[in-house]
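# Observations on the three-dimensional arrangement
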Amino acid sequence: MRLSRIIMALTVGLAVVAVPSAAGAAQPQPTPSATTDPPQPPPYPPTVASLTVNRPTIYLGETVVLTGTNFGPNETVDITVTVTPLAAPAGGAAPARRSDGSTVAMAPVAYQASAPLHFTAYTDAQGRFTKSYRPSVTGLLTFTATGRESGRTASTELRVLHKKQPLPVTGDSLGTPMKLGGGLVGAGAIMLLLTLAWRRRQRFGGAAH
């Protein structure tokens, strides 16, 4: 009898101890993701910036428009210009030649101020900007734009050629057309005289017969 009471007491004790454990196991446990902060999105999405010019080739003295897109919103963009000499002489830049084969030096076009090689632009809320630029040197110009806050960068190229100039009018260039015109006038006068003489001969020859 005493042994059965001891066994019953142990059974009740184990049941009392097991009840809180089972209740704790039945409660939902928090997942690891719920206890940590959600990841914060980056301040600027991974978008590729672009930089273009409205005309790929211009003559010295003309103006182009630079357009940048997909930069950071409302940020400052630094633009640098790298100049590389052209491999061949630009079209229209060759010296003029006289009729005797000698060359005439062409005076370069002078500008009051040189275009900057470093300047800035400012984007709008969509990360876009436009900037006018007038080169003061010839060559292959490479524009590189970098956003200060976003760190995005893009580049484009522009070919600047010497401005076409009319050939100078010299005494030699005027002399050749005048000589040619004078020769044609002389030949025409001789042909007119020969024609009149032939007609006169035909007239008097017919009267004699």
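Remember, it's a predicted structure, so these values are computed and weren't measured experimentally.

Across its full length, the chain holds 3 helices and 10 strands. Secondary structure elements of the chain occur, N-terminal to C-terminal, as α-α-β-β-β-β-β-β-β-β-β-β-α. For the chain, the proportion of its 209 residues judged to be buried stands at 20%. A total of about 15300 Å² of accessible surface is found on the chain, and carbon and sulfur atoms cover 63% of it.

Another point: the confidence of the model for the chain. Detail in the predicted coordinates should be disregarded across regions flagged by low pLDDT. Of all residues in the chain, 53% attain a pLDDT of 70 or more, and the chain-wide mean is 75. Here strand 6 (residues 103-104) stands out as the least confident element of the chain, with mean pLDDT 43; strand 3 (residues 64-69) is the most confident, with 98. Low confidence marks residues 89-96, where pLDDT is under 50. Its contacts with residues over four positions away, or in another chain, come to 17 contacts.

On the surface, a cluster of nonpolar side chains totalling about 200 Å² of accessible area is made up of Val83, Leu117 and Val137. Looking at the secondary structure, you find Val83 in strand 4 (residues 76-84).

Grouped together as the largest cluster of nonpolar side chains are 22 residues, with contacts concentrated most on Ile79, Phe129, Tyr133 and Phe143. Every element with two or more residues in this core is listed here: strand 1 (50-53), strand 3, strand 4, strand 7 (118-122), strand 8 (129-133), strand 9 (139-147) and strand 10 (153-161). Apart from the residues lying within four places of it in its own chain, the contact partners of Tyr133 are Glu62, Thr63, Val64, Leu66, Val81, Ala115, Pro116, Leu117, Phe119, Leu141 and Phe143.

Going through the model one piece at a time under the given rule, you end up with 3 aromatic pairs. Between Tyr133 and Phe143, the aromatic rings sit 5.2 Å apart at their centres with planes inclined by 85°, giving edge-to-face as the arrangement. You can see Tyr133 sitting in strand 8 and its partner Phe143 sitting in strand 9, a full 10 residues away along the chain. A network of ring pairs unites the aromatic residues Phe119, Tyr133 and Phe143 as a single cluster.

Read across the sheet, 3 strands follow the order 1-3-8 without closing on themselves; strand pairing throughout is antiparallel. Edge positions in the open sheet fall to strand 1 and strand 8, since each of these has one partner strand only. Each neighbouring strand pair of the sheet contributes to a mean axis angle of 20°, computed without reference to strand direction. The sheet contact formed by strand 3 and strand 8 spans 5 bridges and is antiparallel. Bridging from a neighbouring strand, Thr67 pairs with Thr130 of strand 8.

The rules behind each value
Residues numbered from 1 in each chain as written. Predicted model: local features only at pLDDT ≥ 70, side-chain atom pairs only at ≥ 80, totals over all residues. Heavy atoms only, no water. Helix = DSSP H or I, 4+ residues; strand = E, 2+ residues; numbered from the N terminus. Buried < 20%, exposed > 50% of the residue type's maximum accessible area, 1.4 Å probe, protein only. Areas by Shrake-Rupley, 256 points an atom, 1.4 Å probe, with all protein chains shown as cover. pLDDT = per-residue confidence, 0-100. Contact = heavy atoms within 4.5 Å. Patch = residues over 30% accessible without salt bridge, like charges linked within 9 Å, V, L, I, M, F, W, Y side chains within 5 Å. Salt bridge = Lys/Arg side-chain N within 4 Å of Asp/Glu carboxyl O. Core = buried A, V, L, I, M, F, W, Y, C linked by side-chain atoms within 4.5 Å. Phe/Tyr/Trp six-rings, centres within 6.5 Å; stacked < 30°, edge-to-face > 60°. Pairing = 2+ DSSP bridges. Axes fitted to C-alpha atoms, helices over the stretch in contact; angles between N-to-C directions.

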